[in-house]
Amino acid sequence: MSNILHVNLSSIGSLLDVPSTLSKPSKRWHLAFATIYCSRALHSLLNDPLSNNKNKSRKLLLNTPPFVALDVKPCSGFSDIDQTSLTDLVKAKNLDQLLELGGVEGVAEALKADFKNGIHGDVQDVARRKEEFGSNTYQKPPPKSILHFVVEAFEDLTILVLLACATLSLGFGIKEHGVKEGWYDGGSIFLAVFLVISVSAVSNFKQNRQFDKLSKVSNNIQVDVVRQGRRQQISIFEIVVGDVVCLKIGDQVPADGLFLDGHSLQVDESSMTGESDHLEVNTSLNPFLFSGTKVADGYGRMLVTSVGMNTTWGEMMSTISRETNEQTPLQARLNKLTSSIGKVGLAVAFLVLVVLLVRYFTGNTEDENGNQEFNGSKTKADDIVNAVVGIIAAAVTIVVVAIPEGLPLAVTLTLAYSMKRMMADQAMVRKLSACETMGSATTICTDKTGTLTLNQMKVTKFWLGKQPIEASSSIATNLLKLIQQGVALNTTGSIYREPSSFKFEFSGSPTEKAILSWAVLELDMDMERMKKNYNILHVEAFNSEKKRSGILIRKKADNTIHVHWKGAAEMILAMCSSYYDVSGSMKDMDDGERMIFEQIIQGMAASSLRCIALAHKQIPEEEHEIGEGPQKLKEDSLTLIALVGIKDPCRPGVRKAVEDCQYAGVNVKMITGDNIFTARAIATECGILRPGQEMNSEAVVEGEVFRQYTQEERMEKVDKIHVMARSSPFDKLLMVQCLKQKGHVVAVTGDGTNDAPALKEADIGLSMGIQGTEVAKESSDIIILDDNFASVATVLRWGRCVYNNIQKFIQFQLTVNVAALVINFVAAASAGEVPLTAVQLLWVNLIMDTLGALALATERPTKELMEKPPVGRAEPLITNIMWRNLLAQALYQIVVLLTLQFKGESIFGVNQKVKDTLIFNTFVLCQVFNEFNARELEKKNVFEGIHKNKLFLGIIGITIILQVVMVEFLKKFADTERLDWGQWGACIGVAAASWPIGWLVKCIPVSDKPVLDYLKW
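Residues numbered from 1 in each chain as written. Predicted model: local features only at pLDDT ≥ 70, side-chain atom pairs only at ≥ 80, totals over all residues. Heavy atoms only, no water.

Colleague: For this particular structure, what's the right way to read the overall build of the chain?
Modeller: Each helix and strand in the chain was counted, giving 36 helices and 26 strands. Going through the 1017 residues of the chain one by one, you find that 50% of them count as buried. Sequence-distant contacts, at least 24 apart, represent 72% of the contacts inside the chain between residues at least 6 apart. About 48000 Å² of surface is accessible on the chain, with carbon and sulfur atoms providing 57% of the total. (Helix = DSSP H or I, 4+ residues; strand = E, 2+ residues; numbered from the N terminus. Buried < 20%, exposed > 50% of the residue type's maximum accessible area, 1.4 Å probe, protein only. Contact = heavy atoms within 4.5 Å. Areas by Shrake-Rupley, 256 points an atom, 1.4 Å probe, with all protein chains shown as cover.)

Structure, rendered in structure tokens:
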């Protein structure tokens, strides 16, 4: 027994000695064989026939020296091929590598997939494939929680300063007045901060969740696959490597793979490459299929070789999923503004602090009884501490007044309201900030395919003889019949009409669909009737070499035989010796007339039309040879019937939309993968190129030329470029980067995967909701739901409205802040007291600003907004017009309120408490009246259209009611006294004077040089 064991262990030792020269697959096989051998050897010892006593042999085994344990990695069963090879094979379109792997059959065998029956598709099989090759999903960041948006809101500098002020105010308030009354000031600030954060976080969170839901539904495409010989529909996310997928016209290719079999399969790779030409897929020259592309023609089956992150689509998704912290132009300006105001506030607060402390410690302040507050060593320590705390609290209040804490809330409310309104106008906003950024856009870079055009072929030119035909009624009867024969019978397309409807569905290649739809809708062709009246004798199918297709038919009514040809115009023209004129008469074609037809064809080509010719000849019976072998159609002495020009048409209303954008001072640039002639023609038709610019070499360039420019040349020429043809996605990205470096605010529209990098880089990315790919949507800020470029002009108008509304609010807000800051500073420095308490100031800042924001945010877009130039990055947020308006109103308020501060008691014959209430009430009512002035920055008539804005009038009413409650009923909380009718009338009269002042001020002209140029920090 020991000898047997020794021999077996020796054998095991030799098996474990794996040569280092072996390849990785060979090593796996070697270890697998060792495992099997070991198990069998040990098993044979347990059942040794030489041993009569099994217990003895088992005991022997148990007492043997320590044995060797093998850690063999279980093989997945796909050892003949790995994911890297599969990924590289398709991405590089490497036919040589495919041949090395044994062709498509070899790859299918290595992936354990059957050509006909597909994979097994049971749970274990699918799980094993997912583990080995990955799942058909991309790495999406986890959904953001509400906490994320709360933390994001806390990152705002304004919020942090306010929280610091609230903490100080709360501490000083409790120290000075005790917990019962001392919490009012600090608590009010905390309430303001809480409201701002809540509204901002909840709004952003809801928008994020809303888009996530929409994205999940739109992404879950159903795909036809064959598993275990059964054709079934599964989710695109469930597709695995080795699956056999069935593709038909209109399907999206769900993963990278190889063509198995099919007929006339053509794919539209415009979403990947930007090229609108369809690419033929076949077994010999191009068996490669890419995820995200669409089937344009034919049908077929594919073998999936790469899914998810191993595809080009997956790679693109992973590169754009990273978040950037780039600020929008308005956010950058607001931060600069609040920072500048904060510096002013801190400086003023520090001055007040110093002045009040000096006044106190030099004995220049008196208490309520008229006694000197500080008497050197005689003053109690507690009294000194309370006095100092009060002085610091006054300084903190000035900081609170200086920082416009209503601004973040106002911007959020404005954007949220506008976003809802834009949804009704077919624009879904993914990022709130994109609303206001769109108002600053100076340049729009747009793709052609699917954005400016419908991505559908359409007949736009039709020539009979040497004359263009506008109406089908002018076509001779005999010609009309010939055209209908040639179109209805010589086609691979088909027409489907629902029995209960007049709607037609056309299928086939884009060219076939264009000609069929033209013949049915314009020429009243009945395809079914045509097919019943004729027998098809022979077909010569279209191919890319001959660029034509022919058909031989016999008319059932009289047994006459006809041949029809259709194809590239120059090819068909060469086969013709005569032509039909517009009256239907046949005429001979001499060299001069042939040249005329050639010029017509060249003219169509220059207009980026695909020119198709129809030709016909009646064949005498004796010339028609009936035989079993392949027949050849007559290719000479034909008669030209018609010339048809086909174009991928511009979207309806796109020219008007482009003109609207240009009128608003926004440059529209077209960036496309099409050739330069097509691009030039489409750009001219859309109005992007104006008359005289078509042949300008600086206005129209190719992507390769733009790419080869030096950085200096690009920066110099980028503004002059209107059209960039034959561009790659990186050319588009390069242009966006150049424009941004020159100070432009760039919007990019697009619907394809190739647009994603530029959409992400741009200030505003606009994607198409219907034809747009998921990659484009994920990269965009706004989704145009109806895919209409005309909606871009609407978005631009709304963006300007948002920007204008925010400017109105800033003017309104700063008027409040400047007036309050100056009044408190002057009063504190001169009299040693602050007339407006922290609670009163926060009442103005919070209630007035929140309601004011809502009132001014609800203004709808006006035509005047599209008559102004865009506001670029370099222009100041507060214009000279705004400075003029706000300084005039603030100055008036300061004069009136300081007069009340120093002479109010004698003017009205009241005590100090009532005087302070009069100041507070007048201050608030001034803001109410000034809210009307803020409705228009330049126009003198501030009441125009006010009856249409019910919300504005409602808010004004609510504000007045709340102010009455504050003054008359919340005496203790607001530190006010009741006023009589005369005092109320005086307050209203003083405040109402802001209307005529506003009208007069708008008569004052202002210079173009920004005021902020003199106030740089």
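Colleague: Teacher, can you tell me more about the nonpolar core here?
Modeller: For soluble globular proteins, nonpolar side chains are generally found buried alongside one another. Of all hydrophobic cores here, the largest spans 77 residues; its most connected members are Met-438, Ile-688, Ile-764, Leu-766, Ile-782 and Ile-810. If you tally residues by element for this core, the top one is helix H29 (residues 790-831), at 13 residues. (Core = buried A, V, L, I, M, F, W, Y, C linked by side-chain atoms within 4.5 Å.)

Colleague: Where do I start with the sheet that holds strand E23 (residues 723-725) in this structure?
Modeller: Backbone hydrogen bonds hold the strands of a sheet together, and the pairing may be parallel or antiparallel. In space, the 8 strands of this open sheet follow the order E8-E26-E25-E24-E9-E21-E23-E22, with mixed pairing throughout. Across the chains shown, the open sheet's two edge strands, defined by having one partner strand only, are strand E8 (427-429) and strand E22 (700-702). Here the strands of the sheet are splayed against their neighbours by 20° on average, with no regard to which way each runs. Pairing geometry for E22 and E23, over 3 bridges, is parallel. Residue pairing across strands places Val-700 opposite Val-723, the latter belonging to E23. Most of the contacts of helix H26 (residues 729-741) go to strand E24 (residues 746-750), to which it runs at about 160°, and overall it touches strand E9 (443-446), strand E21 (667-671), E23 and E24. Seen against the sheet, H29 touches E8, E9, E24, strand E25 (764-768) and strand E26 (782-784) and runs at an angle of roughly 140° to E26. (Pairing = 2+ DSSP bridges. Axes fitted to C-alpha atoms, helices over the stretch in contact; angles between N-to-C directions.)

Colleague: Even after reading the chapter, I still don't get the side chain of Thr-293, so can you show me in this structure?
Modeller: Tracing the backbone through its elements, the reader meets Thr-293 in the loop between strand E6 (288-289) and strand E7 (294-306). A polar contact is formed between the side chain of Thr-293 and the backbone oxygen of Phe-290, at a distance of 2.7 Å. (Polar contact = N/O pair within 3.5 Å; in protein donor to acceptor, adjacent residues only side chain to side chain.)

Colleague: Looking at this structure, I do not really get a nonpolar patch on the surface. What am I missing?
Modeller: Together, Ile-146, Leu-147, Val-151 and Val-202 give the surface a local cluster of nonpolar side chains, amounting to about 330 Å² of exposed area. Considering each element in turn, the nonpolar patch owes the most residues, 3 residues, to helix H8 (residues 146-154). With respect to the secondary-structure elements, Val-202 resides in helix H10 (residues 179-219). Residue class for Val-202 comes out partly exposed when judged on its relative accessible area of 41%. (Patch = residues over 30% accessible without salt bridge, like charges linked within 9 Å, V, L, I, M, F, W, Y side chains within 5 Å. Salt bridge = Lys/Arg side-chain N within 4 Å of Asp/Glu carboxyl O.)

Colleague: Explain the environment of Gly-173 here, please?
Modeller: Here Gly-173 is to be found in helix H9 (residues 157-177). Separated by 14 residues in sequence, Gly-173 and Gly-187 place their C-alpha atoms 9.8 Å apart. Gly-173 has contacts with Gly-178 and Gly-182, leaving out every residue within four places of it along the chain.

Colleague: What should I look at first to understand the packing of aromatic side chains in this one?
Modeller: Working definition: an aromatic ring pair is given by the centre-to-centre distance plus the angle between the planes. Per the stated rule, a full pass over the model turns up 9 aromatic pairs. Here the aromatic rings of Phe-932 and Trp-995 are separated by 5.3 Å at their centres, their planes lie at 75°, and the arrangement is edge-to-face. Placement of the pair is Phe-932 in helix H32 (residues 912-933) and Trp-995 in helix H36 (residues 994-1001), with a sequence separation of 63 residues. Classification of Phe-932 by relative accessible area gives buried; the value is 10%. Taken together, Phe-929, Phe-932, Phe-943, Phe-952 and Trp-995 form an aromatic cluster joined through their ring pairs. (Phe/Tyr/Trp six-rings, centres within 6.5 Å; stacked < 30°, edge-to-face > 60°.)

Colleague: For this particular structure, what's the right way to read a negative patch on the surface?
Modeller: Among the surface-exposed residues, Asp-82, Asp-88, Glu-131 and Glu-132 lie close enough to one another that they form a single negatively charged patch. In this structure, Asp-82 sits in the loop between helix H3 (54-62) and helix H4 (83-91). With a relative accessible area of 39%, Asp-82 lands in the partly exposed category. (Lys, Arg positive; Asp, Glu negative; His and termini not counted. Charge placed at Lys NZ, Arg CZ, Asp CG, Glu CD.)

Colleague: Which parts of the structure should I look at to understand the environment of Trp-518?
Modeller: You can see Trp-518 is positioned in helix H18 (residues 510-523). The exposure class of Trp-518 is buried, given its relative accessible area of 9%. A C-alpha to C-alpha distance of 7.5 Å links Trp-518 and Lys-458, two positions 60 residues apart in sequence.

Colleague: What is the right way to read the pairing of E24 from this model?
Modeller: Regular strands have side chains that alternate between both faces of the sheet. The buried count for E24 comes to 5 of 5 residues, which makes it a mostly enclosed element. Every second residue of E24 is oriented toward a common face, with Val-746, Val-748 and Gly-750 on one face and Ala-747 and Thr-749 on the other, all of them buried. Bridging between E9 and E24 involves 4 bridges; their strand directions are parallel. What sits directly across from Cys-445, in E24, is Val-748. With 4 bridges connecting them, E24 and E25 associate as parallel partners. Bridge pairing in E25 places Thr-749 opposite Leu-766.

Colleague: So what exactly am I meant to see when it comes to the packing of helix H22 (residues 654-663) against H29 here?
Modeller: Think of two packed helices as two axes; the pair is described by the angle between the axes and how far apart they sit. Here H22 crosses H29 at 30°, and the two axes come no closer than 7 Å. By the angle class used here, H22 and H29 are roughly parallel. Here H22 runs over H29; the crossing is left-handed. Where H22 abuts H29, its residues Ala-657, Asp-660 and Cys-661 lie against Ala-790, Ala-793, Leu-796 and Arg-797. Classifying every residue of the contact of H22 with H29 gives 5 nonpolar, no polar and 2 charged. (Parallel < 35°, antiparallel > 145°, perpendicular 65-115°, else oblique. Left-handed = near helix turned anticlockwise from the far one by under 90°. Nonpolar A, V, L, I, M, F, W, Y, C, P; charged D, E, K, R; others polar.)

Colleague: Even after reading the chapter, I still don't get the packing of H32 against helix H35 (residues 981-992), so can you show me in this structure?
Modeller: Two elements in contact, H32 and H35, have axes whose closest approach is 8 Å; the angle formed by their N-to-C orientations is 40°. Judged on the interaxial angle alone, H35 and H32 are oblique. Seen from above, H32 lies across H35 with right-handed handedness. Two secondary-structure elements touch here, H32 through Val-914, Leu-918, Asn-921, Thr-922, Leu-925, Cys-926 and Phe-929 and H35 through Gln-983, Trp-984, Cys-987, Ile-988, Val-990, Ala-991 and Ala-992. In terms of residue class, the contact of H32 with H35 is made up of 11 nonpolar, 3 polar and no charged.

Colleague: Is there a simple way to think about the pattern of salt bridges in this case?
Modeller: Pairing of side chains with opposite charge becomes possible as their charged atoms draw close. Taken as a whole, this structure holds 20 salt bridges when the rule is applied. Here Arg-529 and Asp-526 are joined by a salt bridge, their closest N and O atoms 4.0 Å apart. Its relative accessible area of 44% is what places Arg-529 among the partly exposed residues. The class of Asp-526 is partly exposed, set by a relative accessible area of 35%. Across the pair Glu-635 and Arg-548 runs a salt bridge, and its minimum N-O distance is 3.1 Å. You can see Glu-635 sitting in the loop between strand E19 (610-619) and strand E20 (638-647) and its partner Arg-548 sitting in strand E15 (residues 548-555), a full 87 residues away along the chain. Connected through salt bridges with shared partners, the residues Asp-125, Arg-128 and Arg-129 form a single ionic network.

Colleague: Explanation requested: the state of the cysteines in the structure shown.
Modeller: What is meant by a disulfide is a covalent connection between two cysteines, made through their sulfur atoms. Applying the stated criterion across every chain yields a total of 0 disulfides. Between Cys-987, a cysteine without a disulfide, and Cys-926, which holds the nearest cysteine sulfur, the sulfur-to-sulfur distance is 9.0 Å. (Disulfide = S-S within 2.5 Å.)

Colleague: Would you mind going over the side chain of Arg-800 with me for this structure?
Modeller: With respect to the secondary-structure elements, Arg-800 resides in helix H29. What makes Arg-800 buried here is its relative accessible area of 5%. A distance of 2.6 Å separates a polar atom in the side chain of Arg-800 from the backbone oxygen of Ala-664. Residues within four places of Arg-800 in sequence aside, it is in contact with Gly-439, Ala-664, Val-666, Leu-865, Met-866, Lys-868, Pro-869 and Pro-870.

Colleague: Hey, could you run me through unusual backbone geometry in this one?
Modeller: Comment: phi is negative for the bulk of residues other than glycine, and the bulk of peptide bonds are trans. One non-glycine residue, Lys-112, lies in positive phi territory at about 55°. Secondary-structure assignment places Lys-112 in the loop between helix H6 (103-110) and helix H7 (123-133). Even without being glycine, Asp-524 reaches a positive phi, approximately 55°. One can find Asp-524 in the loop between H18 and helix H19 (527-533). We classify Asp-524 as exposed; its relative accessible area is 61%.

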